[in-house]
Amino acid sequence: MKHPVFTGCATALVTPFTSDDHVNFDTLAKMIDFQIEGGVKALVMCGTTGEAATMSDDERAAVVEFTVNRVAGRIPVIAGTGTNDTKRAIWLSDRAKESGADALLVVTPYYNKCSQRGLIKYYLDIADSTDLPIIAYNVPSRTAVNLLPASFARIAEHPNVVGIKEACGEISQIMDLMRLCPETDLYSGNDDQVLPIMACGGRGVISTISNIMPRAMTELCEAFLNGDVAECRRLQFYINPLVKVLFSDVNPIPVKTAYRHMGFDVGGLRGPLCDMSPDGEKVLVEKMKEYMLI
């Protein structure tokens, strides 16, 4: 059996920027400490929530290396290295290893809309190029590509492919996936579906909401893992209204806005992302007050 990269809650961390649009490493250090104090079991850097699509390769490597040094072995650091170009994904994976990453999160290739055969080859080519463990990331709403269970079953035969972050939103598809791959490490990619995905055999979540509520999402996962399904259900029901507001605009726009209201100098968003509307931000602030986050 393959060794899991982590069990429980991992945070897909926001990337903070300075006023002149460089990575704000001072704020990043504070965010990393906040996450570890909140009990998260891993950090995912340069993913969707981290605005990796608008970061240079050097920025991505620098963020991973800084995080590895700040974490200092306390929890795993997972680097997002997937792109729509297999050669570049392999190169980014090599850079992530050089930077000290413990594992890779590899999203399905976007825009190109490759076939299932193409998906299989993409993952196997990357897996052949590295000895780091790989967690695939299926998020069809963003990539226009759906990694089907039978295709992942073929990919999961590779010893370096250890798990999948599932954000397809279809529980029936996820059940098929686990029927075919019962030993794979399944992680929820949707914060409002952690309970049902863990009930399908999931090990936890790679979370957005844990950016601002690391303790709550950590406790949700730990409740299920400890056999307290009722407490897990209570916490899932508790966080879902806030999740709804955090995804009322394109991720990571709301969560970055929320960080700013919590006193973290995360800066702006890189285009084509833009700030929330005043009305949307007002709703977010009121909801954060309900949860005593501000």
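A. Up close: the overall build of the protein chain. Along the protein chain, the regular secondary structure elements total twelve helices and eight strands. At 18 Å, the protein chain has a C-alpha radius of gyration in line with the 19 Å of a compact globule built from 294 residues. For the C-alpha atoms alone, the extent of the protein chain along its principal axes is close to 45 × 45 × 35 Å. The buried share among the 294 residues of the protein chain stands at 57%.

B. Focus on the sheet that holds strand β4 (residues 103-107). On the basis of which strands lie adjacent, the closed barrel formed by eight strands has the order β1-β2-β3-β4-β5-β6-β7-β8 and parallel pairing. In this sheet, adjacent strand axes meet at a mean angle of 25 degrees when their direction is disregarded.

C. Structural view of the nonpolar core. In terms of nonpolar packing, the biggest core is built from 85 residues, with M45, F152, I209, I212 and M213 touching the most fellow members. Apart from the residues within four sequence positions on either side, M45 is in contact with L13, L28, V63, V64, T67, V77, I78, A79 and G80. Counting 17 residues, the second largest nonpolar core, distinct from the first, contains A10, A103, A167 and I206.

D. Region of the structure containing the state of the cysteines. Under the definition given, this model contains zero disulfides. Unpaired in this structure, C200 has its nearest cysteine sulfur neighbour in C168, at a distance of 10 Å. Here C221 stays unpaired: no disulfide links it, and the sulfur of C9, its closest cysteine neighbor, is 5.4 Å away.

E. How the structure looks around helix α10 (residues 229-246). Along its 18 residues, α10 runs 25 Å from first to last C-alpha, staying within 8% of the 26 Å computed at 1.5 Å per residue. The axis of α10 is deflected most strongly, by about 35 degrees, at N240, and proline P241 appears within four residues downstream. All of the buried residues in α10 are C232, L235, Q236, I239, L242, V243, V245 and L246. Tucked into the core, α10 has its buried residues touching α8 (194-199), α9 (214-225), α11 (253-261) and α12 (278-290).

What counts and how
Residues numbered from 1 in each chain as written. Predicted model: local features only at pLDDT ≥ 70, side-chain atom pairs only at ≥ 80, totals over all residues. Heavy atoms only, no water. Helix = DSSP H or I, 4+ residues; strand = E, 2+ residues; numbered from the N terminus. Rg over C-alpha atoms; globule rule 2.2 N^0.38 Å. Buried < 20%, exposed > 50% of the residue type's maximum accessible area, 1.4 Å probe, protein only. Pairing = 2+ DSSP bridges. Axes fitted to C-alpha atoms, helices over the stretch in contact; angles between N-to-C directions. Core = buried A, V, L, I, M, F, W, Y, C linked by side-chain atoms within 4.5 Å. Contact = heavy atoms within 4.5 Å. Disulfide = S-S within 2.5 Å. Expected span 1.5 Å × (residues − 1). Bend = angle between axes of the 7 residues up to and from the residue.

Purely geometric stuff here, so don't read any function into it on its own.
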